[in-house]
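Fold and contact review
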Amino acid sequence: MKKLYIFSYGLYPEQITLETLAAMRECGEVYSHCLDAATARKFSAYAPGLRLTAGLDRRQTAEAAARGLEKHDTVGFLTYGNPLFLNQTAAELIAAALRKKARVKVFAAVSSFDALVNLFNLNKYSDGSLRVADTATLVYRPVFTPGTDTLFFVPDVLNLPANAALKKKFVAAARKAYPASAPVYLADCASISSREAAVLKGKISSLPALLAKVNERHTLFLPAGKKSRN
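Attention in this report is confined to the structure presented alongside it. (Residues numbered from 1 in each chain as written. Predicted model: local features only at pLDDT ≥ 70, side-chain atom pairs only at ≥ 80, totals over all residues. Heavy atoms only, no water.)

In this approach a probe as big as a water molecule rolls over the atoms, and the regions it shows empty are the leftover space. Roughly 1,100 Å³ of volume is contained in the largest pocket. Looking at the largest pocket, it is lined by 36 residues, and the ones nearest its centre are Y80, F85, L86, V154 and E216. The set of elements that each furnish at least two residues to the lining of the largest pocket consists of helix 3 (58-71), helix 4 (88-99) and strand 10 (218-222). In terms of residue class, the lining of the largest pocket is made up of 14 nonpolar, 15 polar and seven charged. (1 Å grid on protein atoms, 1.4 Å probe; cavity = no way out; pocket = protein on both sides within 12 Å on 5 of 7 lines; lining within 4 Å. Points joined across faces, edges and corners; volume = space filled by probe spheres on them. Helix = DSSP H or I, 4+ residues; strand = E, 2+ residues; numbered from the N terminus. Nonpolar A, V, L, I, M, F, W, Y, C, P; charged D, E, K, R; others polar.)

Set out below in structure tokens:
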């Protein structure tokens, strides 16, 4: 039976697991949307059939990997972080593989969520829970829970020109939910871009200025605190 393996190097190549390296060796070809030529050389011994798809969109990447299944019994897709966490390319690949009647296997990897738990010492939650939010979805109807530690992933969508009005709505909802002095953090975890994590701290009152510094690697962290009296 044809097989598609979806695996990840973690946040940077040194975090790749022995399990993933073994799986890569099984693949006739490995496709990756997140490597440049220099970084790809780190994996050349394990995946000589590595194909870079940085110039392709999600659908084209999925189609390329599916065509690989016509030539090989096993094809791999190398991504970063958790292979299925907010990864639309992986979802496209799974759908394409299933259309080819191929078996799909996903391998676990270190994710930004793991790094954030360590970075903010999220060993015990303020109310017994931790909220993980997809900003790309919540931007249309922002919901804030001041009593719960909250991680907002992909906050860079707020800075898209088409989302200018939605960004104002997001900021207004945050200011209504939290006191002006409530802390807010932007975390850029250690990654293939930088081995050192970087954290920017601000307040709800200065949230627009903090959001102006967001890049595609940032996560927005709002720790639990008192509710606003507004």
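Now that the structure has been shown, we can carry on.
In this section: the sheet that holds strand 1 (residues 3-8). Strand pairing in a sheet relies on backbone hydrogen bonds. The paired strands run either parallel or antiparallel. Spatially, the five strands line up as an open sheet ordered 3-2-4-1-5, and their pairing is parallel. This sheet does not close on itself; its edge strands, each paired only once, are strand 3 (50-52) and strand 5 (103-106). The sheet shows a mean angle of 20 degrees between the axes of neighbouring strands, direction not considered. Sheet analysis places strand 1 next to strand 5, joined by four bridges and oriented parallel. Looking across to strand 5, one finds that I6 is bridged to V106. Helix 1 (residues 18-26) contacts strand 1, strand 2 (29-32) and strand 4 (74-79) of the sheet and is inclined by roughly 145 degrees relative to strand 1. Lying over the sheet, helix 3 contacts strand 1, strand 2 and strand 4, oriented at roughly 180 degrees with respect to strand 2. (Pairing = 2+ DSSP bridges. Axes fitted to C-alpha atoms, helices over the stretch in contact; angles between N-to-C directions. Contact = heavy atoms within 4.5 Å.)

F144, F152, Y178, L211, L220 and L222 are the most contacted members of the largest nonpolar core, which totals 22 residues. Of all the secondary-structure elements, those providing two or more residues to this core are helix 7 (164-177), strand 8 (183-188), helix 8 (207-211) and strand 10. At five residues, helix 7 tops the list of elements feeding residues into this core. Ignoring anything within four residues of it in the chain, the contact list for L220 reads T150, L151, F152, P155, F170, V184, Y185, L186 and L211. Grouped together as the second largest cluster of nonpolar side chains are 17 residues, F7, I16, M24 and C34 included. (Core = buried A, V, L, I, M, F, W, Y, C linked by side-chain atoms within 4.5 Å. Buried < 20%, exposed > 50% of the residue type's maximum accessible area, 1.4 Å probe, protein only.)

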